[in-house]
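Overview (structure and organization)
Spelled out, the chains give:
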Amino acid sequence: MPNLAVVGAGLMGSGIAQVAALGGYDVVLQDVSAEQLDRGLREIETSLGRLAKKEKISADDAAAALARITKTTDLDAAATADVAVEAIFEKLEVKQEVFRQLDKICREDAVLATNTSALPITRIASVTSRPEQVVGTHFFSPVPMMRLCEIVRGFKTSDETLKRAKSFAEDLGKTCVLVNRDIAGFVTTRLIVALSVEAVKLVESGVATAEDVDTACRLGFGHAMGPLETMDLTGVDVFVNASRNIFADTVDPKFYPPELSVRMAGAGDHGRKTGKGWYDHS
């Protein structure tokens, strides 16, 4: 199996590292914070323990996966990676700076992937000397449970890079959809943001409660989770940022974040990670 470097040990990065290690990859998990690395490794260990307890994997598989993950604060550790996946927060300028560094550090033949849900791959790739090797690999949260991965082609992404990125995601047990045009929000984020904006407006205007909106989507449409439950899982702040990014690219009012969600994000009511969002998680 090839070597993988994951930049960012948060919810998404640690999830990608876990499924890659279970898939047989040797993984370097990098973050600027030793505390975040420790937290990420604890999350991986807990998640693997749950899978073993449910007998979805063996205890030996869990132990072997943990042994394949090396944590570091040194980005230079990505130098030997066949694939480097950036999985930090959704801020274009910060992601671009990571890619400037990966461009200098990584092997000439390495695939440079970004796990973004809404930011343009083309703009991320533009700061490198090899935009043809930059691709979007949009995994879904929680990564160990969600089967989908969007493979997103930037303006200059080569067919070979697209093929290698798809093969990598399939090695991790994912089913891939190919996004051929680098539009803001790709396929899934564009759809969920449009639905979520309307869901927030229904609650904001007093038409229905968050619980009833989510129940309607679960029972009426067969969704596993309602849009506001999903927002609490991924983060109200993440929704606001994603909707702003899509609106900035499209100037389409259906993507503009409603005032209530902006106020919640500003107040720190981000959902599960802060203990309160549309629901109480304390």
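Look above for the structure.
Cut-off values and rules
Within each chain, residue numbers correspond to sequence positions counted from 1 in written order. Local features in a predicted model are, by the rule used here, given only for residues with pLDDT of at least 70; side-chain atom pairs are given and counted only at 80 or more, and totals for whole chains, interfaces and linings are based on all residues. Here the side-chain values reflect all heavy atoms present in the structure, with hydrogen atoms and water set aside. A fitted line through C-alpha atoms represents every axis, and for helices the fit uses only the stretch in contact; the resulting angles, taken between N-to-C directions, go from 0 to 180 degrees. Strands here mean DSSP runs of E at least two residues long; helices mean DSSP runs of H or I at least four residues long; both are numbered from the N terminus. Working rule for angles: under 35 degrees goes down as roughly parallel, over 145 as roughly antiparallel, 65 to 115 as roughly perpendicular, anything else as oblique. Whether two residues are in contact is decided by their heavy atoms, any of which lying within 4.5 Å being enough. Here the term charged refers only to Asp, Glu, Lys and Arg, the term nonpolar to Ala, Val, Leu, Ile, Met, Phe, Trp, Tyr, Cys and Pro, and the term polar to all other amino acids, Gly among them. Using a grid of 1 Å spacing that covers the protein atoms alone, one calls a set of points a cavity when a 1.4 Å probe fits there but cannot get out, and a pocket when the set is open and has protein on both sides within 12 Å along at least five of seven lines; lining residues are those with an atom within 4 Å of a point. Grid points are joined across faces, edges and corners, and a volume is the space filled by probe spheres set on the points. When a carboxyl oxygen of Asp or Glu lies within 4 Å of a side-chain nitrogen of Lys or Arg, that pair is called a salt bridge. Burial classes follow relative accessibility: with a 1.4 Å probe on protein chains only, a residue under 20% of its type's maximum area counts as buried, one over 50% as exposed, and anything between as partly exposed. When the centres of two rings from Phe, Tyr and Trp lie within 6.5 Å, Trp using its six-membered ring, the rings pair. Their planes under 30 degrees apart give stacked, over 60 give edge-to-face, and anything left gives tilted. Left-handed describes a crossing whose near helix is turned anticlockwise from the far helix through less than a right angle; right-handed describes the clockwise counterpart. By the convention used here, strands pair only if DSSP detects at least 2 bridges between them.

1. With respect to the packing of helix α7 (residues 188-204) against helix α9 (residues 227-234)
Any two packed helices are characterised by how steeply their axes cross, that is the angle between the axes, and by the distance between the axes. α9 packs onto α7 with a crossing angle of 110° between their chain directions and a minimal axis gap of 9 Å. In this view, α7 runs roughly perpendicular relative to α9, as classed from their interaxial angle. The residues of α9 that touch α7, namely those facing Leu195, Ser196, Ala199, Val200 and Val203, are Pro227, Leu228 and Met231. Partitioning the contact of α7 with α9 into residue classes produces 7 nonpolar, 1 polar and no charged.

2. Regarding the layout of surface pockets
Of the pockets and cavities examined, the second largest pocket occupies roughly 570 Å³. In this structure, the second largest pocket is lined by 22 residues; those nearest its centre are Leu11, Glu43, Ser47, Arg50 and Pro142. Elements that contribute at least two residues to the lining of the second largest pocket include exactly α1 (11-22) and α2 (34-53). Grouping the amino acids of the lining of the second largest pocket by side-chain chemistry returns 9 nonpolar, 8 polar and 5 charged.

3. Describing the pattern of salt bridges
Summed over the entire model, instances satisfying the criterion amount to 12 salt bridges. Glu90 is the partner of Lys95 in a salt bridge, and the nearest nitrogen-oxygen pair spans 3.4 Å. Taking the relative accessible area as the measure of exposure, Lys95 reaches 0% and is therefore buried. Under the relative-accessibility criterion, Glu90 is labelled buried at 18%. Across the pair Glu229 and Arg218 runs a salt bridge, and its minimum N-O distance is 2.9 Å.

4. Observations regarding the packing of aromatic side chains
In the structure shown here, the tally under the stated rule is 3 aromatic pairs. Relative to Tyr256, the ring of Phe247 has its centre 4.9 Å away and its plane inclined at 80°; by these criteria the two rings are edge-to-face. A relative accessible area of 24% means that Phe247 is categorised as partly exposed. Following the ring pairs from residue to residue traces out a cluster consisting of Tyr25, Phe139 and Phe168.

5. Here's the deal with the packing of helix α10 (residues 236-250) against helix α11 (residues 259-267)
For the pair α10 and α11, interaxial distance at closest approach is 8 Å and the crossing angle is 130°. Between α10 and α11, the crossing angle belongs to the class labelled oblique. Crossing of α10 against α11: the hand is left-handed. Together, Val236, Asp237, Phe239, Val240 and Arg244 of α10 and Ser261, Val262, Met264 and Ala265 of α11 make up the contact between the two elements.

6. Concerning the sheet that holds strand β3 (residues 69-72)
In space, the 8 strands of this open sheet follow the order β3-β2-β1-β4-β5-β6-β7-β8, with mixed pairing throughout. Looking at which strands have only one partner, the edges of the open sheet turn out to be β3 and β8 (175-179). Neighbour-to-neighbour, the strand axes of the sheet open up by a mean angle of 25°, direction not taken into account. Relative to β8, strand β7 (residues 148-153) runs parallel, the two being bridged by 5 bridges. Across the sheet, Glu150 pairs through a bridge with Val177, a residue of β8.

Nothing here speaks to function; it is all geometry.
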